[in-house]
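# Observations on the three-dimensional arrangement
Now for the letters of each chain:
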Amino acid sequence: MYDLFTTRYEFACPERGEASVALPSFRRIEQLPGAAHPAVYEVSFDCSCGGRHPGLVSHDELDWAPLGLGEGVFLNLMTAKLDPLEDELADLAARRIQAGEWPWSFFCYPEERPRPIFPSSFFLLAPANDRSSVGIAVRCPGCDSVSVNLVSAEHVDLPFHNDAEIGVVEHVFHADAERAVEEFTGELYSARFDSRRLSL
Ligand SMILES: [Zn+2]
Ligand SMILES: [Zn+2]
């Protein structure tokens, strides 16, 4: 489902059969109730056919596969071949995390601090007015509140790429999913973003 060569997730497209989707084209990520081990997430994504489709992704694929910790393989960047997972990429990711770097992060507005996250904490995503940045609604793993940030596509797409400065909506969002969706859409296009430094 996750392709390390292209850094895209593979889903079914009713128009074209297959869709290759980058994380910033996800629009909604929700954990399905019930299946806890492994957890399964239902996503909706904007497809290159112009439509929006649903897809399913396991917790491992969503959070770990982009770090090379997927299904026992990793991409050898020197040879561009998939090698058995033994060390390098997983080891490198582990060492960077131990050194205080985090693959993904966001700024929690109620707590006024940056926090590390994984893609499963992205709850809603939408292209911003300028099209080059992405609005993200994140459920904070620390305090469980919802914050909305404005970040670059790379901040979402590339592990260990964290924007130095990001936009933060100065608004405490409703924890209820449906209400948060409405508020998110409203706030995202109101352009009331304040910038925050994101060094963890
Ligand atoms: Zn499609
Ligand atoms: Zn928080």
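Described below are features of the structure shown in this document. (Residues numbered from 1 in each chain as written. Chains lettered and ligands numbered in written order. Predicted model: local features only at pLDDT ≥ 70, side-chain atom pairs only at ≥ 80, totals over all residues. Heavy atoms only, no water.)

## Some details on the layout of surface pockets
If a probe the size of a water molecule is rolled over the atoms, the empty space left behind becomes visible. The line we're drawing: Definitions used for this entry: grid spacing 1 Å over protein atoms alone; cavity, a set of points where a 1.4 Å probe fits but cannot get out; pocket, an open set with protein on both sides within 12 Å along at least 5 of 7 lines; lining residue, one with an atom within 4 Å of a point. Grid points are joined across faces, edges and corners, and a volume is the space filled by probe spheres set on the points. By the criteria applied, helices consist of DSSP H or I runs no shorter than four residues and strands consist of E runs no shorter than two, each listed in order from the N terminus. Three residue categories are used. Nonpolar comprises Ala, Val, Leu, Ile, Met, Phe, Trp, Tyr, Cys and Pro, charged comprises Asp, Glu, Lys and Arg, and polar comprises the others, including Gly.
In this structure, the second largest pocket spans a volume of roughly 230 Å³. Lining the second largest pocket we find 13 residues, and of these I29, S120, S121, F123 and R139 sit closest to its centre. The element that contributes the greatest number of residues to the lining of the second largest pocket is strand β4 (residues 26-36), accounting for 3 residues. Across the lining of the second largest pocket, the residue classes tally to 7 nonpolar, 3 polar and 3 charged.

## Brief notes about the coordination of the zinc ion (ligand 2)
For clarity, the cut-off: Donor atoms are limited to N, O and S found within 2.8 Å of the metal ion, a distance that becomes 3.2 Å for Na, K and Ca. With water left out, some sites might look partial. Square planar and octahedral assignments, for four and six donors respectively, both demand that opposite donors be over 155 degrees apart and that all other angles lie between 65 and 115; tetrahedral needs four donors with all angles between 85 and 135 degrees, and anything else is irregular. Only protein chains enter the calculation, and the probe is 1.4 Å; a residue is then buried if its accessible area is under 20% of its type maximum, exposed if over 50%, and partly exposed in between.
C108 (SG), E111 (OE), C140 (SG) and C143 (SG) make up the full set of protein donors to the zinc ion (ligand 2), lying at 2.0 to 2.3 Å. What the 4 donor atoms of the zinc ion (ligand 2) show is an angle range of 103 to 117° at the metal, which sorts the shape as tetrahedral. Given a relative accessible area of 0%, C108 falls into the buried group.

## Quick look at the nonpolar core
Our working definition: Grouping buried Ala, Val, Leu, Ile, Met, Phe, Trp, Tyr and Cys residues that are joined through side-chain atoms within 4.5 Å yields what is termed a nonpolar core. The contact rule is simple, with two residues in contact once any of their heavy atoms fall within 4.5 Å.
Ranked by internal contacts, the top residues of the largest apolar core, which has 38 residues, are F26 and F122. Elements with a minimum of two residues in this core: β2 (8-13), β3 (17-21), β4, β5 (39-46), β9 (104-108), β11 (122-127), β12 (133-139) and β14 (165-169). Dropping the residues within four chain positions of it, F26 is found in contact with Y9, F11, V21, V43, S44, F45, L62 and L125. Counting 11 residues, the second largest nonpolar core, distinct from the first, contains L124, V148, V169 and A180.

## Looking at the coordination of the zinc ion (ligand 1)
Every protein donor of the zinc ion (ligand 1) is listed here as C13 (SG), C47 (SG), C49 (SG) and H53 (NE2), and their distances to the metal cover 2.1 to 2.3 Å. Each of the 4 donor atoms around the zinc ion (ligand 1) contributes to a set of angles spanning 102 to 115°, which defines the coordination as tetrahedral. In the primary sequence, the donor residues of the zinc ion (ligand 1) line up as C-x33-C-x1-C-x3-H. Note that C13 is positioned in strand β2 and H53 in strand β6 (residues 52-58), a separation of 40 residues in sequence. Across the pair, H53 and C13 agree in class, each one buried.

## Examining the environment of E15
Along the chain, E15 falls in the loop between β2 and β3. For E15, a relative accessible area of 64% puts it in the exposed group. In this structure, the C-alpha to C-alpha distance between E15 and C49, residues 34 residues apart in sequence, is 7.0 Å.

## Side note on empty space enclosed by the protein
Within the structure shown, the criterion is met by 1 cavity of 30 Å³ or more. Of the pockets and cavities examined, the largest cavity occupies roughly 40 Å³. In terms of lining residues, the largest cavity is bounded by Y2, T7, Y9, L23, P66 and D157. Across the lining of the largest cavity, the residue classes break down as 4 nonpolar, 1 polar and 1 charged.

## Description of unusual backbone geometry
With a phi close to 50°, T7 is a non-glycine residue in the positive phi region. Position of T7 among the secondary structure elements: in the loop between β1 (2-3) and β2. Of the residues examined, T7 reaches a relative accessible area of 27% and is grouped as partly exposed. Despite not being glycine, F160 shows a phi value in the positive range, around 75°. In this fold, F160 is placed in the loop between α3 (153-157) and β14.

Just geometry here; none of it tells us what the structure is for.
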